[in-house]
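Coordinates in review
The residues making up each chain are set out below.
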Amino acid sequence: DTGVSQDPRHKITKRGQNVTFRCDPISEHNRLYWYRQTLGQGPEFLTYFQNEAQLEKSRLLSDRFSAERPKGSFSTLEIQRTEQGDSAMYLCASSLYAVPYEQYFGPGTRLTVT
Amino acid sequence: ELKVEQNPLFLSMQEGKNYTIYCNYSTTSDRLYWYRQDPGKSLESLFVLLSNGAVKQEGRLMASLDTKARLSTLHITAAVHDLSATYFCAGLYSGAGSYQLTFGKGTKLSVIP
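Residues numbered from 1 in each chain as written. Chains lettered and ligands numbered in written order. Predicted model: local features only at pLDDT ≥ 70, side-chain atom pairs only at ≥ 80, totals over all residues. Heavy atoms only, no water.

Considering the overall build of chain B
Definition in use: We count a stretch as a helix when DSSP gives it H or I for four or more residues in a row; a strand needs E for two or more, and each element gets its number in order from the N terminus. Put simply, the radius of gyration uses C-alpha atoms, and a globule should come to 2.2 Å times the residue count raised to 0.38. Any residue under 20% of the maximum accessible area for its type is buried, any over 50% is exposed, and the rest in between are partly exposed; the area is computed with a 1.4 Å probe on protein chains only. Any two residues having at least one pair of non-hydrogen atoms within 4.5 Å are treated as being in contact.
Within chain B, the regular secondary structure consists of 0 helices and 11 strands. Along the chain direction, N to C, the helices and strands of chain B fall in the order β-β-β-β-β-β-β-β-β-β-β. Radius of gyration (C-alpha) of chain B: 14 Å, near the 13 Å computed for a compact globule of 113 residues. Across its three principal axes, chain B shows a C-alpha extent of roughly 45 × 30 × 20 Å. By residue count, 47% of the 113 residues in chain B fall in the buried class. In chain B, 54% of the contacts between residues at least 6 apart in sequence involve partners at least 24 apart.

And the structure:
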């Protein structure tokens, strides 16, 4: 399977703990995006990378959130001191930086903060 | 800032009937995308609409784009139960070169036998 993969698929954590998610994009894609989706809503943009450079962060991404994409391959999203409001599905997508800029989504990581 | 609105948000329809989902967006969007999401699953790309007047069809679904009206539609023909899912439209925001997607809230479609 050469699609976008994410790990873990589910994560339950206690408030105040740190969590880290991983995303492996489609290998030839140079753009990688993180979105967050809460129940009954559409995905919301968090941040994106072009190769290893993080070029934009949404205002939704508080200081407790950090993302990396070392060597322009896989990416990690870390949430420090989790809060109940962080409970959501975290989606990763990748694309080529070329028309039609179509983004392919991974299966997501569902985070539950208790 | 690009805003995307879909309606209806909920749609219950009988098998065999036709219906249209509407997607309005607030400012110029370079592209318009339609995705399908099944419960607890990720998003599956359905259509990519690249220019004014674009029409794409796949099976019982047909999507179109009118950039002058800032409107895209997803038309369902002779619905079947397998089409039950949530459908999202998303505009492509290319400001500052990000090419991020801005999604509508989704239309939850239930097809009843």
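Having put the structure on the table, let's press on.
Here's the deal with the sheet that holds strand β6 (residues 55-58) of chain B
In any sheet, the strands associate via hydrogen bonds between backbone groups, in a parallel or an antiparallel arrangement. All names here are of chain B. Rules: What makes two strands pair is DSSP finding at least two bridges between them. Axes, fitted as lines to C-alpha atoms, cover a helix only where it is in contact. Angles between the N-to-C directions of the axes lie from 0 to 180 degrees.
Strand order in the open sheet formed by 5 strands is β1-β3-β8-β7-β6, and the pairing between neighbours is antiparallel. With one partner strand each, in any of the chains shown, β1 (4-7) and β6 form the two edges of the open sheet. Ignoring strand direction, the axes of neighbouring strands in this sheet form an average angle of 15°. With 4 bridges joining them, β1 and strand β3 (residues 19-25) adopt antiparallel strand pairing. Each residue of the ladder has a partner; that of Gln 6, found in β3, is Cys 23.

Here we look at the pattern of salt bridges
Residue and element names in this part refer to chain A. Formally: For this document, the term salt bridge refers to a Lys or Arg side-chain nitrogen within 4 Å of an Asp or Glu carboxyl oxygen.
Counted under the stated rule, the structure contains 4 salt bridges over all chains. Taking the shortest distance from any N to any O, the salt bridge between Asp 24 and Arg 22 comes out at 2.7 Å. Its relative accessible area of 25% is what places Asp 24 among the partly exposed residues. The class of Arg 22 is partly exposed, set by a relative accessible area of 34%. Residues joined by salt bridges that share partners form a network here, namely Arg 64, Glu 83 and Asp 86.

Examining the side chain of A:Glu102
So the rule is basically this: His is not counted, nor are the chain ends, whereas Lys and Arg count as positive and Asp and Glu as negative. Two N or O atoms form a polar contact when they lie within 3.5 Å of each other; inside protein one atom must be a possible hydrogen donor and the other a possible acceptor, and for residues adjacent in sequence the pair counts only when both atoms belong to side chains.
Along the polypeptide, A:Glu102 turns up in the loop between β9 (88-95) and β10 (104-105). We note that A:Glu102 is buried and unpaired, the nearest opposite charge coming from B:Lys56 at a distance of 7.8 Å. Here A:Tyr104 takes part through its side chain, which lies 3.3 Å from a polar atom of the side chain of A:Glu102. One polar contact links A:Glu102 to B:Ser45, side chain to side chain, over a distance of 2.5 Å. Once residues lying within four places of it in the same chain are set aside, the contact partners of A:Glu102 are A:Ser94, A:Ser95, B:Tyr33, B:Ser45 and B:Val48.

Focus: the environment of B:Ser94
Residues and elements named next belong to chain B. Within the secondary structure layout, Ser 94 lies in the loop between β9 (85-93) and β10 (100-103). For Ser 94, a relative accessible area of 25% corresponds to the partly exposed category. Separated by 63 residues in the primary sequence, Ser 94 and Arg 31 place their C-alpha atoms 9.4 Å from one another.

What about the state of the cysteines?
Our working definition: Sulfur atoms of two cysteines make up a disulfide when they are within 2.5 Å.
The tally for this structure, following the rule as stated, stands at 2 disulfides over all chains. Here A:Cys23 is linked by a disulfide to A:Cys92, with a sulfur-sulfur distance of 1.8 Å. With the S-S bond torsion at -65°, the cross-link from A:Cys23 to A:Cys92 turns out left-handed. Here the residue A:Cys23 occupies a position in strand β3 (residues 19-24), and A:Cys92 occupies one in strand β9, the gap between them amounting to 69 residues. Judged by relative accessible area, which is 0%, A:Cys92 ranks as buried. Across the disulfide, B:Cys23 is cross-linked to B:Cys89 (sulfur-sulfur distance 2.0 Å). Between B:Cys23 and B:Cys89 the sulfur-sulfur dihedral comes to about 85°; the bridge is accordingly right-handed. You can see B:Cys23 sitting in strand β3 and its partner B:Cys89 sitting in strand β9, a full 66 residues away along the chain.

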